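Notes for the structure review
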Amino acid sequence: MKIAFISDIHANIFALKKVLKDIKTQNVDKTICLGDLVGYAPYPNEVINLIREKDIFTIQGNYDESTGEELMACGCDYDTKEETENANKSLFWTQDEVNEKNKKWLTNLPKEKKIEIEGWNLYLVHGSPRKNNEYLYANSKEVKEIAKKFDFDLLLSGHIHLPYFKVINGKYVVNAGSAGKPKHGNPRATYVILDIKKDSIDFRSREVEYNAEKIATAIEANEVLPDEFASLFRNGGS
């Protein structure tokens, strides 16, 4: 079975549309979203509506949870007071912007899902099996701990906005990157495709070009979202 995994769209409807269009050309059997549909950019309802319209199975991300349940923090990790203040502006604006129907939908999303495909046990999360805002970077001690402590053949996650594929102690760990707010140094959206067969797993990471200037300009036109966010979308930075 060939599956496209997308994650961390972050209210970027322009990138999402291009990614879904690209997925159509790849002859996949299914598309799965690993969370964080909202935050940072000004089109949260549009993104949620499109994901719902396409009936894409979705895991709840930390930003989805904080928006749906109107929490006081997004569960993100920031180094400075300014970054934290900007994050709060984004979160509270997003909570006000997302309609009640979509908030309820976000709240009811599953935090994890275990499925079996071709004899492989897949574990779907947003951050990690321990918590939805834990960062599992490719060479971190955290990802090694997860591979040791949890039972799976293949772990799929998002949250770090950087796609990768690793084998740790015979277990596969995959990150889907970001289909809306990439952090790999260029503005192209990323997602991954897994071709899962009984005796093999083939991994491909794809980059999709879209009009990043359009989403950056929309952020700058918004009266609440910090202008600093625009450069993150323009440059593919953190």
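So, here's what we can say about the structure. All values derive from a computational prediction rather than experimental measurement. Along each chain, residue indices are assigned from 1 in the same order as the chain's sequence is written. Selection of residues for local features in this predicted model requires a pLDDT of at least 70, selection of side-chain atom pairs for listing and counting requires 80 or more, and totals for whole chains, interfaces and linings are taken over all residues. Based on all heavy atoms of the structure, the side-chain values leave hydrogens and waters out of the count.

This part takes up the packing of helix α1 (residues 13-24) against helix α2 (residues 44-53). Throughout, an axis means a line fitted to C-alpha atoms (over the contacting stretch in the case of helices), and angles, computed between N-to-C directions, take values from 0 to 180 degrees. Think of it this way: any DSSP run of H or I at least four residues long counts as a helix, any run of E at least two long counts as a strand, and we number them from the N terminus. Direction vectors running N to C along α1 and α2 enclose 25°, while the axes themselves pass 9 Å from each other. Classified by the angle their axes make, α1 and α2 are roughly parallel. Residues Ile13, Leu16, Lys17 and Leu20 of α1 lie in contact with α2, whose contacting residues are Glu46, Val47, Leu50 and Ile51. Only Asp, Glu, Lys and Arg are considered charged, only Ala, Val, Leu, Ile, Met, Phe, Trp, Tyr, Cys and Pro nonpolar, and every remaining residue, Gly among them, polar. When its residues are assigned to classes, the contact of α1 with α2 shows six nonpolar, no polar and two charged. Comment on the angle field: the value is read as roughly parallel under 35 degrees, roughly antiparallel over 145, roughly perpendicular from 65 to 115, and oblique elsewhere. For this analysis, residues touch if any pair of their heavy atoms sits within 4.5 Å.

Right, let's talk about the nonpolar core for a bit. Buried Ala, Val, Leu, Ile, Met, Phe, Trp, Tyr and Cys residues that are joined via side-chain atoms within 4.5 Å together make up what is termed a nonpolar core. Summary of the burial criterion: residues with accessible area below 20% of their type's maximum are buried, those above 50% are exposed, and those between are partly exposed, where the area comes from a 1.4 Å probe applied to protein chains only. Counting 44 residues, the largest nonpolar core has Ile6, Ile9, Leu16, Leu37 and Ile51 as the members making the most contacts within it. When contributions to this core are tallied by element, the ones reaching two or more residues are β1 (2-6), α1, α2, α4 (81-97), α5 (100-107), β9 (189-197), α7 (212-221) and α8 (228-235). A total of seven residues in this core trace back to one element, the largest contributor, which is α1. Here isoleucine 51 is in contact with Ile6, Ile9, Leu16, Leu37, Ile56, Thr58 and Trp105, once residues within four sequence places are set aside. Counting residues in each nonpolar core, the second largest holds 18 residues, with Phe5, Ile32, Leu124 and Tyr172 among its members.

For the rest of this paragraph, the subject is the sheet that holds strand β2 (residues 30-33). With respect to topology, five strands assemble into an open sheet ordered β3-β2-β1-β9-β10, the strand pairing being mixed. The sheet is open, and its two edges are formed by β3 (57-58) and β10 (200-208), each paired on a single side. Judged from the four bridges that link them, β1 and β9 form a sheet pairing that is antiparallel. Considered in β9, the bridge of lysine 2 is made with aspartate 195. DSSP bridges decide pairing: two strands pair if at least two such bridges lie between them.

Once that is clear, we can look at the packing of aromatic side chains. Classification of ring pairs rests on two measures: the distance between centres of Phe, Tyr or Trp rings, Trp counted by its six-membered ring, which must be within 6.5 Å, and the angle between planes, read as stacked under 30 degrees, edge-to-face over 60 and tilted in between. Summed over the entire model, instances satisfying the criterion amount to eight aromatic pairs. Between the aromatic rings of phenylalanine 165 and phenylalanine 203, the centroid separation amounts to 5.1 Å while the plane-to-plane angle is 35°, which identifies the pairing as tilted. Linking phenylalanine 165 in strand β7 (residues 164-168) with phenylalanine 203 in strand β10, this pair joins segments that are 38 residues apart in sequence. Residue classification places phenylalanine 165 among the partly exposed residues on the basis of a relative accessible area of 28%. Taken together through their ring pairs, the aromatic side chains of Trp120, Phe165, Tyr172 and Phe203 make up a single cluster. Here, a charge over a ring means that NZ of Lys or CZ of Arg falls within 6 Å of the ring centre while also lying within 35 degrees of the ring normal. Taking the ring centre of phenylalanine 152 as reference, the NZ or CZ of lysine 171 above it sits at 5.0 Å. A cation over an aromatic ring shows up here: lysine 181 above the ring of tyrosine 40, its NZ or CZ 4.6 Å from the ring centre.

Here the focus is the state of the cysteines. We call a pair of cysteine sulfur atoms a disulfide whenever their separation is within 2.5 Å. Enumeration according to the criterion identifies one disulfide in this entry. Note on cysteine connectivity: cysteine 74 is disulfide-linked to cysteine 76, with sulfurs 2.3 Å apart. With a relative accessible area of 5%, cysteine 74 lands in the buried category. The class of cysteine 76 is partly exposed, set by a relative accessible area of 22%. Here cysteine 33 is not disulfide-linked; the sulfur of cysteine 76 is the nearest cysteine sulfur, at 16 Å.

Limitation: the analysis is restricted to geometry and does not speak to function.
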